[in-house]
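# Structural features, examined
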Amino acid sequence: MARLISIELLKIRKRTMTKVLLVILLAVMGMLPFLLYLVTQQPVQGPEFQQQGAAMMNELADTLKFPGSFVFTLSILESIGGVLMVILAAGVVGSEYSWGTVRTMLANYPARYQYLGSKLVALAIVGVIGMLLGLVVGMLASIGVTLLMGEGISADSITMDFLGNVVMGFLRTAYTIMPYTALAFFLSVLGRSAMPGI
């Protein structure tokens, strides 16, 4: 099974679609905090919205500040990463059928559960790596936004409690994305195409 997983990891890594989806994820995670920061710098129009709008902009700015921004980063990662993982899972399975490579693989490895299981494990590994990269880029972007706001970043804010919260949040995010990825995977297997999964 380990050999099958390494083959599937190689196939996923070599796909152009994987690289494109990773670039999209990292671009969104890196640019969104800066775009929202620009929104907070715009003046609120209209005297009737002045007080409420200023409070909303302050709340948004606080959401973008490091270290509290990890909640915002994980929520963006959950929504964007979930959609991209569904596309990747459906594309990986669907392309095997459209290219006809599934017959070749099953001729060499007749146990379907091993073939499908290795593909699912490989997708999970790629998903976790992508999420970790997205989390790092999102946190670096929030550090950049915090510095743009003129706020200092203290090493005292990175405590064991903070790191534990980040790890638990990351695991919750992965757990939330997993069912949708598995559903896209199995719908693509049943439909023998990427379209049912997407």
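Just so it is clear, the model here is predicted, and its values are computed rather than measured.

### Examining the nonpolar core
Formed by 33 residues in total, the largest nonpolar core has its most connected members in Leu 77, Leu 88, Leu 123 and Leu 135. Sorting the residues of this core by element identifies helix H2 (16–40), helix H4 (70–99), helix H6 (112–148) and helix H7 (160–191) as the ones contributing at least two each. Contact partners of Leu 77, with chain neighbours within four places excluded, come to Leu 25, Met 29, Gly 82, Met 131, Gly 134, Leu 135, Thr 173 and Ile 177.

### Considerations on the environment of Leu 147
Note on placement: Leu 147 falls in helix H6. We classify Leu 147 as exposed; its relative accessible area is 54%. A C-alpha to C-alpha distance of 9.2 Å links Leu 147 and Phe 66, two positions 81 residues apart in sequence.

### A short note on the packing of helix H1 (residues 2–14) against H6
Two elements in contact, H1 and H6, have axes whose closest approach is 8 Å; the angle formed by their N-to-C orientations is 55°. It follows from the interaxial angle that H1 and H6 lie oblique. In this structure, H1 crosses over H6, and the sense of that crossing is right-handed. Here Leu 4, Ile 5, Glu 8, Leu 9, Lys 11 and Ile 12 of H1 lie close against H6, whose contacting residues are Gln 114, Tyr 115, Ser 118, Lys 119, Val 121, Ala 122, Leu 123, Ile 125 and Val 126. When its residues are assigned to classes, the contact of H1 with H6 shows 10 nonpolar, two polar and three charged.

### A look at the pattern of salt bridges
Throughout the structure, instances matching the rule amount to two salt bridges. One salt bridge connects Lys 11 with Glu 8, and the closest N-O pair in it is separated by 3.2 Å. Residue Lys 11 and its partner Glu 8 are located together in helix H1, separated by three residues, close to a single helical turn. Lys 11 sits in the partly exposed class, given a relative accessible area of 27%.

About the cut-offs
- Residues numbered from 1 in each chain as written.
- Predicted model: local features only at pLDDT ≥ 70, side-chain atom pairs only at ≥ 80, totals over all residues.
- Heavy atoms only, no water.
- Core = buried A, V, L, I, M, F, W, Y, C linked by side-chain atoms within 4.5 Å.
- Buried < 20%, exposed > 50% of the residue type's maximum accessible area, 1.4 Å probe, protein only.
- Helix = DSSP H or I, 4+ residues; strand = E, 2+ residues; numbered from the N terminus.
- Contact = heavy atoms within 4.5 Å.
- Axes fitted to C-alpha atoms, helices over the stretch in contact; angles between N-to-C directions.
- Parallel < 35°, antiparallel > 145°, perpendicular 65-115°, else oblique.
- Left-handed = near helix turned anticlockwise from the far one by under 90°.
- Nonpolar A, V, L, I, M, F, W, Y, C, P; charged D, E, K, R; others polar.
- Salt bridge = Lys/Arg side-chain N within 4 Å of Asp/Glu carboxyl O.

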